[in-house]
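# Chains, contacts and geometry: an overview
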2 protein chains.
Amino acid sequence: MAEKIRAAEIICVGTELLLGDIVNTNAAYISGKLAKLGIPVYRETSVGDNPERLKAAIADAYSRVDTVIFCGGLGPTDDDLTKETVSEYFGLGLELNAEAEERIVKFFETVCRHMTVNNIKQAMIPSGATVFQNDFGTAPGIGIERTVGGEIKQAVLLPGPPSELHPLWESKVEPYLAERSNGIIVSHNIHLIGIGESAVGEMMKERMKSDNPTVAPYCNEGECRLRVSAFAPDYAKADEMSRAVVDEIKSTELGDYIYGIDCENGEKALVAELRAEKLTLAVAESCTGGLLAKRITDVPGCSDVFLGGFVTYCNDAKMKLLGVSADTLDKFDAVSAETAAEMAAGARRALGADMGLSTTGIAGPGGGTAEKPVGTVFVAVSYKDKVYVRRLRISPTKTREQIRSIAATSLFGLSMAVLGKLRASLQDLTVFNM
Amino acid sequence: MAEKIRAAEIICVGTELLLGDIVNTNAAYISGKLAKLGIPVYRETSVGDNPERLKAAIADAYSRVDTVIFCGGLGPTDDDLTKETVSEYFGLGLELNAEAEERIVKFFETVCRHMTVNNIKQAMIPSGATVFQNDFGTAPGIGIERTVGGEIKQAVLLPGPPSELHPLWESKVEPYLAERSNGIIVSHNIHLIGIGESAVGEMMKERMKSDNPTVAPYCNEGECRLRVSAFAPDYAKADEMSRAVVDEIKSTELGDYIYGIDCENGEKALVAELRAEKLTLAVAESCTGGLLAKRITDVPGCSDVFLGGFVTYCNDAKMKLLGVSADTLDKFDAVSAETAAEMAAGARRALGADMGLSTTGIAGPGGGTAEKPVGTVFVAVSYKDKVYVRRLRISPTKTREQIRSIAATSLFGLSMAVLGKLRASLQDLTVFNM
């Protein structure tokens, strides 16, 4: 039987990480996967392709935990040294793995590329190690479990490219580590719109002191998420514990701001809700400039629901494509509740949809006035015989990207409220009958 | 005079990092900025909101380097402990900073949100520290320079949200650290479309061996960038050295694939070119679903050029809004050169633009066939009396997000080629007269 893991660290290897050339998405990926297995992560360290510094980082990590997950540095070039350095720590020699060699030769045949001698280096495996054959690249993953200094230590070595790491993890590493973990963490996420981080923190102050289940808020660009995580020996128990806390939070005043549980984001929640209700959607965008449609079409299978959209950046397009009246633009301006309402209704009409959404505002950096500073955005939902418009006052210190993102997120929240799925958000609206 | 920095490490603080809830873009950002200042980074460490482990990580880092950049954990909640723990290492007490306090009060007034008592915690500063006031949030940055154990140690503490970190770094932290560094790296970026990483690597093989200036390729989602970096004691010298190499590369055969120098991305290059030529643009999107318009409208001031766009996800919308003929959809399918051509021409006509762009394809995960697998995308440019269509064969192993992104990027490249700004990319096209 495999030895249980107490705690892990992650070491990512690659000078490119320390030069800021690439963003380390692997650390987040591996952390998230270990969290799911209930394996606590104490530290994540990135080091360069420098054998002395890597050696020191390995010894440091094993002084704190029994298991280290390594990522990167398994490539064919001379500066790829992870395998060699970890083997040295465990006192293991390297042996040619016949299957890995054969796979490398085949891989180069398939992609019609010339194989260089140093590629065979990737088939060398520490003696006695578990090999995770790689179906998406040339470097296999490696698992080591061995006594060092009287204690059992474990190592998992993985290739750096996410397109290799992810399938390798899911098919081979996860079952390997599941056998070695003491339980599982089950998390449920409560999604909120219309409330800020400090207010959430204040309301959840007492709850956040609990160790198991834990409650943690994550707020970003117009929405908040409360993650409730419970650790237990098996899935059913952990799930029950975290669900109980979710239900309890739903019954507090925070419940008014909840638009979904475990729905990932507003666009997914909205697409799912529209699909369930067999409703179709059209959008018209000014300041979000395509982002709204992009986020809706990020949801696979959205085509059941989403008929199409308009990006009407200039007034001419608003009139021509959406039928916004010249009068409205003249009297109220393009950035107004009235224009937003006519845009939403116009998009809905043009595509024959059940619901129409629109945005019009000032995303900056230029274009603000005293009355309508940068960050002023009107978002509208046309549904049945009404159009619901909200004026957003996003902080002008936010970037253009953020203002657009917050506007889209808020509009998803408003749409859920109009569909009766969010209690708190039907206040402070201008409602037009049209 | 400020003490010079020998080497630095980065410590990012936040349990969310170790749970895999967010990708640590800050580590890459700070690493890249330190590289520019010629400050070597030995390690990057992420730790949770746990005071004991943070304390250990601080001591570890200062055992190897004289300077640590901290990021995150400056928030208002009780688990934000970076400032307290670093102050303890330096033996410093915390004092209320009046200007920071005033800024926090004002910030909450501007966004019309309720300020909670714990927000004032963010105005507490280690005594004698340099304060970097934060114009984009409530937690100021902090610089500490002080003797610990007989050696001068430096610390810079920064807020975690990138929207606060980036402007704070550029306006205040960079000059502060520049005074403490021995030189500067100036980089220029050469932007290429239509050529792969290995071909670029092969052509630049000899060049890439140089230590100063360095030449490094970065390829990602349909485009390539060659970064030329020179290190010198001052800006003027480093700039001159790197520009000389850029000019030399322009004169090689790689010059055919260059669409811009230091232009950041394809959308910026295209908007700038259209503006210079006084041309207007309209787009029609199927598989990119708004991303194309979103990326164009990411460019501030794009409204001079961009008239608007259509997201025509269903065939009905393609016919109704863009005038794509039922015959074409029937005979050639929605994913075809013919449909792409009619979409681009239709968007251009509907908005009276000088140039029309379109995308239609299979972004996945579902929807692929043997003849048109996932990753098949047709991109089209309608300009003057012609429509130029390219069939992209993006690897089906890419994600939906990546396929959409590559399609948009390739289309920007094709547009630049049609405008005569990219020598190599007018091959392998289907050209329609319409």
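Structure report, in brief.

## Description of the nonpolar core
Within the largest apolar cluster, 57 residues are counted, with the highest numbers of intra-cluster contacts made by Leu281(A), Ile296(A), Met355(A), Leu357(A) and Val389(A). For this core, the elements supplying multiple residues, two or more each, are helix 9 (266-276), strand 13 (281-285), helix 10 (291-297), helix 13 (337-351), strand 15 (355-361), strand 16 (376-383), strand 17 (386-393) and helix 14 (400-418) of chain A. The element contributing the most residues to this core is helix 14 of chain A, with 10 residues. The residues contacting Leu281(A), other than those within four sequence positions of it, are Leu270(A), Leu274(A), Ile296(A), Val305(A), Phe306(A), Leu307(A), Gly308(A), Ala353(A), Met355(A) and Leu357(A). In this structure, Leu281(B), Val283(B), Leu357(B) and Ala380(B) belong to the second largest nonpolar core, which totals 56 residues.

## Observations concerning the pairing of strand 13 of chain A
For a regular strand, the rule is simple: side chains alternate between the two faces of the sheet. Residues and elements named next belong to chain A. Strand 13 sits mainly inside the fold: five of its five residues count as buried. Neither face of strand 13 is open: one carries Leu281, Val283 and Glu285, the other Ala282 and Ala284, and all of them are buried. Two strands pair when backbone bridges link them, and strand 13 and strand 14 (residues 306-312) are joined in this way by five bridges, in the parallel orientation. Looking at strand 14, one finds that Val283 is bridged to Gly309.

## Side note on the environment of Thr116(B)
Note on placement: Thr116(B) falls in the loop between helix 5 (98-110) and strand 5 (124-126). Along the primary structure Thr116(B) and Pro76(B) are separated by 40 residues, whereas in three dimensions their C-alpha atoms are 9.0 Å apart. Those residues within four positions of Thr116(B) in sequence are excluded, and the remaining contacts are Ser198(A) and Glu202(A).

## With respect to the relation of the copies chain B and chain A
When chain B is fitted onto chain A, the two copies agree to an RMSD of 2.1 Å after a turn of 178 degrees and an axial shift of 1.3 Å. What the rotation and shift describe, once combined, is the action of a two-fold rotation axis.

## Side note on the packing of aromatic side chains
In this structure the tally under the stated criterion is 13 aromatic pairs over all chains. With a centroid separation of 5.8 Å and 85 degrees between ring planes, the pair formed by Tyr62(B) and Phe90(B) is classed as edge-to-face. In this pair, Tyr62(B) sits in helix 3 (residues 51-64) while Phe90(B) sits in helix 4 (residues 82-90), placing the two residues 28 residues apart along the sequence. The structure contains a cluster of three or more aromatic residues connected by ring pairs, namely Tyr62(A), Tyr89(A) and Phe90(A). Positioned above the aromatic ring of Tyr42(B), the side-chain terminus of Arg53(A) is 3.7 Å from the ring centre.

## Section: the layout of surface pockets
Its boundaries defined by the atoms lining it, the second largest pocket holds a volume of some 400 Å³. The wall of the second largest pocket is formed by 21 residues, among which Ser303(A), Tyr313(B), Gly361(B), Ala363(B) and Arg400(B) lie closest to the centre. Contributions of two or more residues to the lining of the second largest pocket are made by helix 11 (315-322) and strand 15 (355-361) of chain B. Partitioning the lining of the second largest pocket into residue classes produces nine nonpolar, nine polar and three charged.

## Quick look at the sheet that holds strand 10 (residues 214-220) of chain B
Across a sheet, paired strands are connected by hydrogen bonds in the backbone, their directions being either parallel or antiparallel. Residue and element names in this part refer to chain B. Taking strand neighbours across the sheet as the criterion, the four strands line up as 10-11-9-12 in an open arrangement whose pairing is antiparallel. Two strands lie at the open edges of the sheet, namely strand 10 and strand 12 (258-261), each paired on one side alone. Neighbour-to-neighbour, the strand axes of this sheet turn through a mean angle of 25 degrees, independent of strand direction. With three bridges joining them, strand 9 (residues 184-193) and strand 12 adopt antiparallel strand pairing.

## Thoughts on the interface of chain B and chain A
One frequently used descriptor of interface size is the decrease in accessible area upon assembly of the parts. Contact with chain B, which involves 68 residues of that partner, is made by 64 residues of chain A. Contact between chain B and chain A buries roughly 5500 Å² in total, counting both sides, with carbon and sulfur atoms accounting for 56%. The largest contributions to the chain B side of the interface with chain A come from Leu18(B), Arg43(B) and Tyr313(B), which together make up 11% of the buried area. The interface formed by chain B and chain A contains 10 salt bridges. Across the pair Asp60(A) and Arg64(B) runs a salt bridge, and its minimum N-O distance is 3.3 Å. At the junction of chain B and chain A, the tally comes to 28 residue pairs in polar contact (both at pLDDT 80 or more). Among the elements that take part in the side of chain B that touches chain A, strand 2 (residues 41-47) of chain B stands out by supplying seven residues, more than any other. Of the residues contributing to the side of chain B that touches chain A, the split by class is 33 nonpolar, 19 polar and 16 charged.

## Examining the pattern of salt bridges
The final tally for this structure, using the stated rule, is 54 salt bridges over all chains. For Glu248(A), the salt bridge is made with Arg207(A), and the minimal N-O distance between the two is 2.8 Å. Within this pair, whereas Glu248(A) is found in helix 8 (residues 235-250), its partner Arg207(A) is found in the loop between helix 7 (197-203) and strand 10 (214-220), the two being separated by 41 residues in sequence. Overall, the relative accessible area of 23% leaves Arg207(A) in the partly exposed class. Between Glu401(B) and Lys294(A) there is a salt bridge; the shortest N-O distance is 3.4 Å. On the criterion of chain membership, the pair formed by Glu401(B) in helix 14 (residues 400-418) and Lys294(A) in helix 10 is interchain, its members lying in two chains. Take Lys294(A): its relative accessible area is 11%, and that puts it in the buried class.

Reading guide: rules and limits
Residues numbered from 1 in each chain as written. Chains lettered and ligands numbered in written order. Predicted model: local features only at pLDDT ≥ 70, side-chain atom pairs only at ≥ 80, totals over all residues. Heavy atoms only, no water. Core = buried A, V, L, I, M, F, W, Y, C linked by side-chain atoms within 4.5 Å. Buried < 20%, exposed > 50% of the residue type's maximum accessible area, 1.4 Å probe, protein only. Helix = DSSP H or I, 4+ residues; strand = E, 2+ residues; numbered from the N terminus. Contact = heavy atoms within 4.5 Å. Pairing = 2+ DSSP bridges. Least-squares fit on C-alpha atoms with pLDDT ≥ 70 in both. Phe/Tyr/Trp six-rings, centres within 6.5 Å; stacked < 30°, edge-to-face > 60°. Lys NZ or Arg CZ within 6 Å of the ring centre and 35° of its normal. 1 Å grid on protein atoms, 1.4 Å probe; cavity = no way out; pocket = protein on both sides within 12 Å on 5 of 7 lines; lining within 4 Å. Points joined across faces, edges and corners; volume = space filled by probe spheres on them. Nonpolar A, V, L, I, M, F, W, Y, C, P; charged D, E, K, R; others polar. Axes fitted to C-alpha atoms, helices over the stretch in contact; angles between N-to-C directions. Buried area = accessible area lost by both parts, 1.4 Å probe. Salt bridge = Lys/Arg side-chain N within 4 Å of Asp/Glu carboxyl O. Polar contact = N/O pair within 3.5 Å; in protein donor to acceptor, adjacent residues only side chain to side chain.

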